[in-house]
Amino acid sequence: MALDAAAAGGQATIEPSFRNALPHFLPLAIFPLIIYALIHGGWWIAAPVAFIMIGAQMDMALGLDERNVGSAGTPARRLFWHNVSVWGWAFLWPPTLVFGLWQILVSGDLSLWEGAAMAAVLVLEAQAIFIVGHELVHRRSKWERRLGEFLLASSSYPHYATEHIYIHHAFVGTPLDAGSAPKGMGFWRYFPREVACNLTGAWSVARERLARRRLPAWHWSNPFWRYGAETLFWYALVFWMGGPWAVPAYLALCILPVFSMKISNYLQHYGLRRVRLANGRFETPRPHHSWSVDGRFSNWMFYKMQRHADHHAAPTRQYPLLRYRGADESPQLPYGYSKLFGLVLRPRRWFETMDPLVDEWRAKFYPEIEDWSPYDSPVSAARPNAFDAIVEIFGASPHLAEWIERNPELLDSLEEREFTDLDLPAGFGPGPEAEAIARSGLTRLYWTREFGPSEMKEQIAEIPAQDAGDTVDIVRNWSNDKSFQIGMHTLRGNLTPSEAGTALSNVAEAAVASVLSAVRWDFHADRGRSGTGGVAAIVLGDFASGEVAPGAGLDIVFVHEGGSDGETDVLCRRFRKALAGLSRDSFLFAPVPRRAGREPPAWSLDDLADHRSTAAPDGALPDLTRTRCVFEAGTPGIASRFDEVRRGILARGAAVAELQDGAAGAAEPGLSSLDDMRGGARDVERAARLLRYAHQGSDPAPAAALVFRDAGAERLAEAATLWRDLRGIVKLVGGDGFAVETASARVKAVIAGACGTDDFDALAAAVPGIAAAAAMEIDEIVARNAFAAGSDGT
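Reading the values: rules and limits
- Per chain, residue numbering runs from 1 following the sequence as it is written.
- Restriction of local features to residues with pLDDT of at least 70 applies here, the model being predicted, together with a cutoff of 80 or more for giving and counting side-chain atom pairs; totals for whole chains, interfaces and linings are based on all residues.
- Only hydrogens and water are removed before side-chain values are computed, so all heavy atoms of the structure are retained for them.
- Starting at the N terminus, helices and strands are each numbered in turn, a helix being any DSSP run of H or I of at least four residues and a strand any DSSP run of E of at least two.
- As a reference, a globule follows 2.2 Å times the number of residues to the power 0.38, and the radius of gyration itself is taken over C-alpha atoms.
- To sort residues, take the accessible area from a 1.4 Å probe on protein chains only and compare it with the maximum for the residue type: under 20% means buried, over 50% means exposed, and anything in between is partly exposed.
- Contact criterion: two residues are considered in contact whenever any of their non-hydrogen atoms come within 4.5 Å of each other.
- Side-chain rings of Phe, Tyr and Trp, where Trp is taken by its six-membered ring, are said to pair if the distance between their centres is within 6.5 Å; with planes under 30 degrees apart they count as stacked, over 60 as edge-to-face, and otherwise as tilted.
- The convention used is that axes are lines fitted to C-alpha atoms, helices contributing only their stretch in contact, and that angles between N-to-C directions extend from 0 to 180 degrees.
- Under this scheme an angle from 65 to 115 degrees is roughly perpendicular, one under 35 degrees roughly parallel, and one over 145 degrees roughly antiparallel; angles in between are oblique.
- Each crossing is labelled by how the near helix is turned from the far one, with a counterclockwise turn of less than a right angle marking it left-handed and a clockwise turn marking it right-handed.
- Salt bridge, as used here: a side-chain nitrogen of Lys or Arg that lies within 4 Å of a carboxyl oxygen of Asp or Glu.
- Two distance rules govern patches: like charges are joined within 9 Å, and nonpolar side chains (Val, Leu, Ile, Met, Phe, Trp, Tyr) within 5 Å, applied only to residues with over 30% relative accessible area and no salt bridge.
- In short, Shrake-Rupley with a 1.4 Å probe defines the accessible areas, and a residue's cover is counted only from the protein chains shown.
- Any two strands are treated as partners once DSSP identifies two or more bridges connecting them.
- Among buried residues, those of type Ala, Val, Leu, Ile, Met, Phe, Trp, Tyr and Cys that are joined through side-chain atoms within 4.5 Å constitute a nonpolar core.
- You can read pLDDT as the predictor saying how much it trusts each residue, on a scale of 0 to 100.
- Each residue gets one of three labels, nonpolar for Ala, Val, Leu, Ile, Met, Phe, Trp, Tyr, Cys and Pro, charged for Asp, Glu, Lys and Arg, and polar for the others, Gly among them.

**Side note on the overall build of the protein chain**
- Helix and strand counts for the protein chain come out as 34 helices and six strands.
- Computed over its C-alpha atoms, the radius of gyration of the protein chain comes to 35 Å, more than 25% above the 28 Å expected for a compact globule of 794 residues.
- Counting only C-alpha atoms and orienting by the principal axes, one finds that the protein chain spans roughly 105 × 65 × 50 Å.
- Every one of the 794 residues in the protein chain was classed for burial, and the buried ones make up 54%.
- Sequence-distant contacts, at least 24 apart, represent 72% of the contacts inside the protein chain between residues at least 6 apart.

Take a look at the structure:
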């Protein structure tokens, strides 16, 4: 039966008194039932079990409890009789547990099945340890707090007293609290994380509080000394009674009440979030940040634990004074705790029941918020201190959001001085515009001028690595961090996509060269001598022309001269295997595809030279229109000799003829067909290569915009720059196959800003016209340079 909250206007107020406190003495009835069952065994064991299990049925029979006791300011002395029931439970449980352990482990009065059954009864009742212990650790008097700790220690969880007060209550409903499960997180993922965070969080709090007093972590006032002694008492008692085997059994049984408590915590806060305010702080906890349910019998038995919303709104309020919160103030659970416990253990059913209620809560209390993904993402729980950056990324770049969800450690790179010194905070200059110019200038200078491939390789070399395999892992992580930093600078407007392409190309070159160097070192160490002659790694395409975007293809050709062909093939196969490892789970590189069987591991310069006069089989010869050497070892000068051979191949005319005939398709002009439309990115690139090889220059892979500027074709240079910026920013924010037209307004604003305009619609409208004008100029270039391109020599 669903428990629907009534309107707040129907609430009644009763004064604290012995009579009104009597229902809260009901939990004490369990103790004589347990004692009698421990003494007599048999069917008497069913009595405490039945008493524990009747809560859900009694709630259905008695309905809701909308009454409030006294007022919020009622003095504690008037709550004496209400407190007697809590104190009674707290003082009765330890001797009952000791007597139960004696009967099960020592006396021999119970058979094996009776002992097991009574152990289960004690575990079931131990769930109330956290209810009573929780109430006591919130009290102002020290003796009550110590008594609460001792109760919690009987379930091996006394550190809850620190974690609950200083972490859970301080950060409830935020990513900083592991106990507040985000929407979509199932209990089985929540439970181990919450238990681990309770322990580590409590220790961190204790250590920090001592550090503020300039005391060491192991000072005698550290509460963990007390927690350890309290827990040791119970385990020493179990060891004395049952021997070594009883200790792990007791530990295993302690997990069950902890498990139950974590289910309660999970359902009390599932999916509810405090919103981040403009000042960077989370809003104050309010009743609508916790789920409530007010079954009358459960309120009597569990000391109003289910009025959790009011407890978080007023943490120091003792249980009798907790206020009823109706649906207008607090979201209401659809059932009582007993039924919800079963749903929690079946995540699919739980999500089906609760996620629509979470959505209703969001629409009711925060109608202005459209995107809750940063609050729901597990990365917010993994890196709560980076929440502002997470919100920024989720709003501006779905592609980066996917990456930080898979690799939360990327956010750590935003805390490095290399990033923070460039991403200057607001307020350092005379105004926002001046600050943006200074920040952008500093970032551009660093990433495109000061921090080049040689500096990057030096930085990588400083990281200890044992072998090539270790180097691959190190370099992959290093390149992911650097690429992520560059991506964030681009999102924030500190780098243009073209500048980011240059920086990413430098990162790619340093990563590839460092990995290949480590592989070659290991190879020669294994073989004891070098039989490979000269070897060079030649990168192709966008990598060669410094136009790398996230997820770039790792197109590399290995060439060699001299040495043993067999030795060289073995080395280059190792090169390719290492590069495949480098591209695995890489933000910078796309996974390396399996190499075609007819393609050799490496090309000898003699074999390449044969292509000057001999037509190559289809697909056998790599695209040599844009190349750059990023690694050279062995015989000196192999890279320059390769460039001579490359020029000879191109001068033969086959590659240039292909450029003349390779017009793009007739795709409808627009942002979604940037590559395939007439005058689009592929057409512009084709024209730039044709223009370059009709008039040979020293740079083997200049960017298209530079080629057109050198030729005086400014309009084509502008088109090439725009296409490059658009491709780069779209790859950054959306990845491959991203539908730009369906992006959010924030993502569109990022794309427009990266391309130098504030209006995305105006940008989209301008693309067909720019493409048409580019197509006309490209046709003129093809016609004008056809003869020269086909006849130019080396």
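Now that the structure has been shown, the text picks up again.
**A closer look at the packing of aromatic side chains**
- Within the structure shown, the criterion is met by 47 aromatic pairs.
- Between Y235 and Y250 the ring centres are 5.2 Å apart and the planes differ by 85°, which places this aromatic pair in the edge-to-face class. Taken as a pair, Y235 in helix 10 (residues 223–242) and Y250 in helix 11 (residues 246–269) lie far apart in primary sequence, 15 residues in all. As far as burial versus exposure is concerned, Y235 and Y250 are alike and both buried.

**Points about the packing of helix 6 (residues 112–137) against helix 11**
- Axis separation between helix 6 and helix 11 bottoms out at 8 Å; the angle between their running directions is 45°. In terms of axis orientation, helix 6 runs oblique to helix 11. In the crossing of helix 6 with helix 11, the sense of the turn from one axis to the other is right-handed. The residues of helix 11 that touch helix 6, namely those facing A119, V123, A126, Q127 and F130, are L253, L256, P257, V258, S260 and M261.

**Details of the environment of Y250**
- For Y250, a relative accessible area of 8% corresponds to the buried category.
- Remark: the alpha-carbon pair of Y250 and R78, spanning 172 residues in sequence, is separated by 40 Å.
- Not counting residues within four places of it along the chain, the set of residues in contact with Y250 comprises L97, L101, S154, W234, Y235 and V238.

**Some thoughts on the pattern of salt bridges**
- Taken as a whole and judged by the stated rule, the model has 38 salt bridges.
- Across the salt bridge formed by E418 and K482, the nearest N and O atoms sit 2.4 Å from each other. A residue pair is termed long-range when its members are at least 10 positions apart, and E418 in helix 20 (residues 417–420) and K482 in helix 23 (residues 468–491) qualify at 64 residues.
- Sharing partners across several salt bridges, the network here consists of D542, E547, R626, E685, R689 and R724.

**Structural notes on the environment of D607**
- Its location among the elements puts D607 in helix 27 (residues 605–609).
- The exposure class assigned to D607 is partly exposed, which follows from its relative accessible area of 42%.
- Here the alpha-carbon distance between D607 and L151, two residues 456 residues apart in the chain, equals 81 Å.

**A few points about a nonpolar patch on the surface**
- The grouping of F18, L22, F80 and W81 at the surface amounts to a nonpolar patch, some 380 Å² of accessible area in total.
- Relative to the assigned elements, W81 resides in helix 5 (residues 80–107).
- Residue W81 is classed as partly exposed on the basis of its relative accessible area, which comes to 38%.

**Focus on the pairing of strand 4 (residues 556–561)**
- Taking burial as the measure, the six residues of strand 4 include five buried ones, the bulk of the element.
- One ladder, built from six bridges, connects strand 3 (residues 534–540) with strand 4; its direction is antiparallel. Across the sheet, the residue bridging to I538 is V557, located in strand 4.
- Summarising the sheet, strand 4 and strand 5 (residues 603–604) pair through two bridges and their orientation is parallel. Residue H560 lies in a different strand from strand 5, and its bridge partner there is S604.

**Quick look at the environment of F150**
- You can see F150 is positioned in helix 7 (residues 142–153).
- Exposure remark for F150: the relative accessible area of 25% places this residue in the partly exposed category.
- Separated by 120 residues in the primary sequence, F150 and Y270 place their C-alpha atoms 29 Å from one another.
- Look past the residues within four positions of F150 in its chain and what remains in contact with it is P94, E230, F233 and W234.

**Section: unusual backbone geometry**
- Backbone geometry places R214, a non-glycine residue, at a positive phi of 60°.
- Looking at the element boundaries, R214 is found in the loop between helix 9 (187–212) and helix 10.

**Quick notes on the nonpolar core**
- Among the nonpolar cores identified, the biggest contains 60 residues, and L411, F708, W723, L726 and I751 are the most heavily contacted of them.
- Mapped onto this core, the elements with two or more residues apiece are helix 18 (387–396), helix 19 (398–406), helix 23, helix 30 (681–694), helix 31 (704–710), helix 32 (714–734), helix 33 (745–754) and helix 34 (760–791).
- Beyond its immediate sequence surroundings of up to four residues, F708 is in contact with V684, A687, A688, L691, A713, L716, A717, A720 and I781.

**Some details on the confidence of the model for the protein chain**
- Taken as a whole, the protein chain shows an average pLDDT of 87; of its residues, 91% reach a score of 70 or greater.
- Residue range residues 787–794 is modelled with pLDDT below 50. Its contacts to residues more than four positions away, or to other chains, number 14 contacts.

**Regarding helix 19**
- H399, L400, A401, W403 and I404 are the residues of helix 19 that are buried.
- Of the surrounding elements, those touching the buried residues of helix 19 are helix 17 (378–382), helix 18, helix 23 and helix 32.

**A closer look at the sheet that holds strand 5**
- The strand order 5-4-3-6 describes an open sheet built from four strands, whose pairing is mixed. Two strands bound the open sheet, and with one partner strand each, they are strand 5 and strand 6 (627–633).
- In this fold helix 24 (residues 497–527) packs onto strand 3, strand 4 and strand 6, with an angle of close to 30° to the strand it touches most, strand 6.

**Overview of the packing of helix 23 against helix 32**
- Packing of helix 23 against helix 32 leaves a shortest axis separation of 11 Å and a crossing angle of 110°. In terms of their interaxial angle, helix 23 and helix 32 are classed as roughly perpendicular. Seen from above, helix 23 lies across helix 32 with left-handed handedness. Touching G487, T490 and L491 of helix 23 are I729, L732 and V733, all from helix 32.
- The residue makeup of the contact of helix 23 with helix 32, split by class, is four nonpolar, two polar and no charged.

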